[in-house]
Amino acid sequence: MEPTFADKVVSFNRNLHYTGKLPQGFHVLNPFFDNPETMQVMQQFYSKFYNDNQRRRFIIGINPSRHGAGVTGVPFTDTKRLESVCGIPMHSAHTHEISSVYLYDVIQAYGGPEAFYSDFYINSPFPLAITREARPGVLLNANYYDDKALYDAVRPFMIQSLRHHIALGLSCDEVFVLGKRNATFIHDINKEVNLFEKITVLEHPRFIQQYKSKEKELYIDKYLNAFTGNHD
């Protein structure tokens, strides 16, 4: 029997390892090794929403945060929305992540998780959480592009990961990139390896939630227009 989209994602996550070097002070967190329940809820999520062989469009984040996919294993999904919207409780952790708040408002406006996830797959070019040591014992979220040496170190792994994501069954005609700075690096990679025909850039959910919350409905409309092909 042909593996489903869910089977392929679960297999990808099961085999997800970063073995490259990192600049001093940076660390990679693999939630699938750190918490056994993460693997369980991730499998439940993909079995629920991706149990088919439907072709989907790709939404690209930056890299997971410690409080979103860094806990649940599901991009832009904290434990609150995993349970309240997706119907999958997680007992070993309780997280609130502002990017998840915004993205699930978009998902609800699109028609709910069943409709949204049947059309879209979200992940990141670096699909594991990155932290940097602010001072001994204090770790903060880091983005792959925060440090040139960090980006140079993880770039080959990012290209490999993007190719693996596409192989799950994603359309390459148009990709949606979250975050303008993120998009500059995705454009750079795309120039070299030519993965996507068109890159559509959208403001990152964290930026909208933190700095543009009064205009949130306008940004939700912008996302929906992009997703449905109404770019004007």
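Relevant structure appears above.
Our subject in this report is the structure included herewith. Given the structure is predicted, the values throughout are model-derived calculations rather than measurements.

Considering empty space enclosed by the protein
Reasoning step 1: A complete count under the given rule lists three cavities of 30 Å³ or more for this structure.
Reasoning step 2: Its boundaries defined by the atoms lining it, the largest cavity holds a volume of some 120 Å³.
Reasoning step 3: Residue composition of the lining of the largest cavity, by class: five nonpolar, seven polar and two charged.
Reasoning step 4: By volume, the second largest cavity amounts to about 100 Å³.
Reasoning step 5: Lining the second largest cavity are 15 residues, and of these Phe32, Pro64, Gly73, Asn123 and Pro127 lie nearest its centre.
Reasoning step 6: Of all the secondary-structure elements, those providing two or more residues to the lining of the second largest cavity are α1 (5-14), α2 (31-34) and α4 (69-72).
Reasoning step 7: Split by residue class, the lining of the second largest cavity holds 11 nonpolar, four polar and no charged.

Re the sheet that holds strand β5 (residues 138-142)
Reasoning step 1: Within the open sheet, the three strands sit side by side as β1-β4-β5. Their pairing is antiparallel. A strand with exactly one partner marks an edge of an open sheet, and here the two such strands are β1 (26-29) and β5. Averaged over all adjacent pairs, the angle separating strand axes in this sheet is 40 degrees, with direction ignored.

The rules behind these values
- Residues numbered from 1 in each chain as written.
- Predicted model: local features only at pLDDT ≥ 70, side-chain atom pairs only at ≥ 80, totals over all residues.
- Heavy atoms only, no water.
- 1 Å grid on protein atoms, 1.4 Å probe; cavity = no way out; pocket = protein on both sides within 12 Å on 5 of 7 lines; lining within 4 Å.
- Points joined across faces, edges and corners; volume = space filled by probe spheres on them.
- Nonpolar A, V, L, I, M, F, W, Y, C, P; charged D, E, K, R; others polar.
- Helix = DSSP H or I, 4+ residues; strand = E, 2+ residues; numbered from the N terminus.
- Pairing = 2+ DSSP bridges.
- Axes fitted to C-alpha atoms, helices over the stretch in contact; angles between N-to-C directions.

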